[in-house]
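# Residue-level structural notes
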Amino acid sequence: MNESLISPFNFSHPTAVQTSLYALGSFARFDPSGRFIGVGRFDGLATIWDLETKAAVRWLDGHVKAVTSLDWSRHSQYVLTSSKDWNVIVWDLASVYDPPQRHATIRCDAPVSSASFHPRNSQIILALLSTGEVYLIDLRKNHRSRTELYEPDGDEDGTEGQSSRRYAMTVARFDTSGKYVFIGTSGGYILVFNTRTKAMIARHRIAGGAGTIKGLDFAKNGRRLVTNSSDRTLRQFIVPHYPRSPETGVEIFLDQELEPTHRFNDPINKTAWHAVSYSPDGEWLAGGAADAANHKIYIWDISNDGQFASTLDGGREPLAHLHWHPSKASIASTTNQGNILIWHSPNAERWGAFAGGFEEVDENVEYEEREDEFDIEDEAEIIRRKKEAEQDDVDIDTIDGANAPVYPVVNGFHVNGGNGAPLSGNVGESLDEDMKWADEDANDDIGVWKMKILMDDDDM
């Protein structure tokens, strides 16, 4: 059935395997449009699969060791891959070549554990090295830099008297807006950095202790954060607000303990977790169990006070990674044998969506069509309205909109024209300074591009 007819208010979680891809992958991630899926492999290759044709359409051959992470730009034109060979490569999928043209290659000082694009500008990259160091890499011509994000000593951030021990950084993520970088450490802390200033603005200790933080994921609205820790517990937090000083406009350093709103675990098997992912609406949470004998995905209903909803069983091949589709009830889970399982939520066909008065019958019934049944509008009603319009007086002296305020046009849109409020002040002044910085010198990832169709010689 047409997907657009499925009510968005009935969003649920996947329940069954729709298809599987023999991709020899170690992990898989959907692109922002949901049409493609990127797969990283142990042999240094990364592949792009088209979910409509269930076929690999691009081979990203540039690494000589295992691919450790893959990320998509905002409009899917660029793909980033990191590897144990110390390199981060940015690929341009709009290229007419296969493998696609390398847009950029970044050489790091150690094997790269993970890397990701800034949500608003794919020329800003966050990289986590296997040595426990995090770097913010800016490829823009006017901002070119490579800055290490580190936890300052106590006397540097105004927290004298605290332990100066620095824990290794184990996971790093941009928040959904890109304004902040969240970093988990081996000591159970979450460090928060401002992306533009590179300054640490918060240090959070998880209440009750959590051990090493292995994973982070944000709900789409950016207000909820879930952590995966070595104590085999998933914790959900409300992301605090980071206030700015009214004098300097810089965030005030916040040293605060975070209390989780929910804790998720397996009380029977005490299993650890390989991965965790929110649904697009943030109302469901999926956890991939680190079960050595089974492929298990646990689903919790966040909208129902975090109640356990169901367990998805993917067979005997243990789970290695999972990722939720960006717009629908679908999950891509990767097995340790390299297969990608695509889960979906089967929907019963509702023929009433096509015709409100549709009814199912056991036997064929001869139907007599009325003459005006399928008219777009009733003919008698049209005639009646025409007669009423002919009787109305026509005003030829007044010009509609003559006294309406004129609003400026910015990027093709009338600013404040929709609500009738006149524009006050400078348009640029109303924009967040961090957002303006991130939008500077953006590349051509504009959302209007096509992946070229490539044909093998055998197909000619």
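Residues numbered from 1 in each chain as written. Predicted model: local features only at pLDDT ≥ 70, side-chain atom pairs only at ≥ 80, totals over all residues. Heavy atoms only, no water.

- Within an unreviewed UniProt entry, the label attached to the protein reads COMPASS complex protein, and the organism entered is Lentinula detonsa.
- In its Subcellular location (unreviewed entry) section, the UniProt record describing the protein reads: "Nucleus". (UniProt positions renumbered as here; feature names shortened; annotations may be inferred.)

## Description of the side chain of Gln-236
- Positionally, Gln-236 belongs in strand 20 (residues 234–238).
- Side chain to side chain, Gln-236 and Arg-224 meet in a polar contact 3.4 Å long. (Helix = DSSP H or I, 4+ residues; strand = E, 2+ residues; numbered from the N terminus. Polar contact = N/O pair within 3.5 Å; in protein donor to acceptor, adjacent residues only side chain to side chain.)

## Overview of the sheet that holds strand 7 (residues 78–83)
- Pairing within the open sheet is antiparallel, and its 4 strands lie in the order 6-7-8-9. Of all strands in the sheet, those with a lone pairing partner are strand 6 (67–72) and strand 9 (101–107), marking the two edges. Neighbour to neighbour, the strand axes of the sheet diverge by 20° on average, direction disregarded.
- Inspection of the sheet shows strand 7 paired to strand 8 (residues 87–92) by 5 bridges, in the antiparallel sense. (Pairing = 2+ DSSP bridges. Axes fitted to C-alpha atoms, helices over the stretch in contact; angles between N-to-C directions.)

## Some points on unusual backbone geometry
- Phi is positive for Ser-76, close to 70°, though the residue is something other than glycine.
- Residue class for Ser-76 comes out buried when judged on its relative accessible area of 5%. (Buried < 20%, exposed > 50% of the residue type's maximum accessible area, 1.4 Å probe, protein only.)

## Let's talk about the packing of aromatic side chains
- What the rule picks out here adds up to 10 aromatic pairs.
- Judged by centre distance (6.0 Å) and plane angle (25°), the ring pair of Tyr-167 and Tyr-189 falls under stacked. Here the residue Tyr-167 occupies a position in the loop between strand 13 (145–149) and strand 14 (169–174), and Tyr-189 occupies one in strand 16 (residues 189–194), the gap between them amounting to 22 residues.
- Geometrically, the ring pair formed by Trp-273 and Tyr-298 is edge-to-face, given 5.2 Å between the ring centres and 90° between the ring planes. Highlighted residues: Trp-273 in strand 23 (residues 273–278) and Tyr-298 in strand 25 (residues 296–301), separated in sequence by 25 residues.
- Clustering of aromatic rings is evident, with ring pairs tying together Phe-264, Trp-273, Tyr-298, Trp-300 and Phe-308.
- The ring of Trp-437 has Arg-140 sitting right over it, with the charged end atom 4.5 Å from the ring centre. (Phe/Tyr/Trp six-rings, centres within 6.5 Å; stacked < 30°, edge-to-face > 60°. Lys NZ or Arg CZ within 6 Å of the ring centre and 35° of its normal.)

## Quick notes on the sheet that holds strand 19 (residues 224–229)
- The strand order 18-19-20-22 describes an open sheet built from 4 strands, whose pairing is antiparallel. The two strands at the open ends of the sheet, each matched to only one other strand, are strand 18 (213–218) and strand 22 (262–264). Within this sheet the neighbouring strands show an average axis-to-axis angle of 20°, counted without direction.
- The pairing of strand 19 with strand 20 spans 5 bridges and is classified as antiparallel. By the bridge assignment, Leu-225 is partnered in strand 20 with Phe-237.

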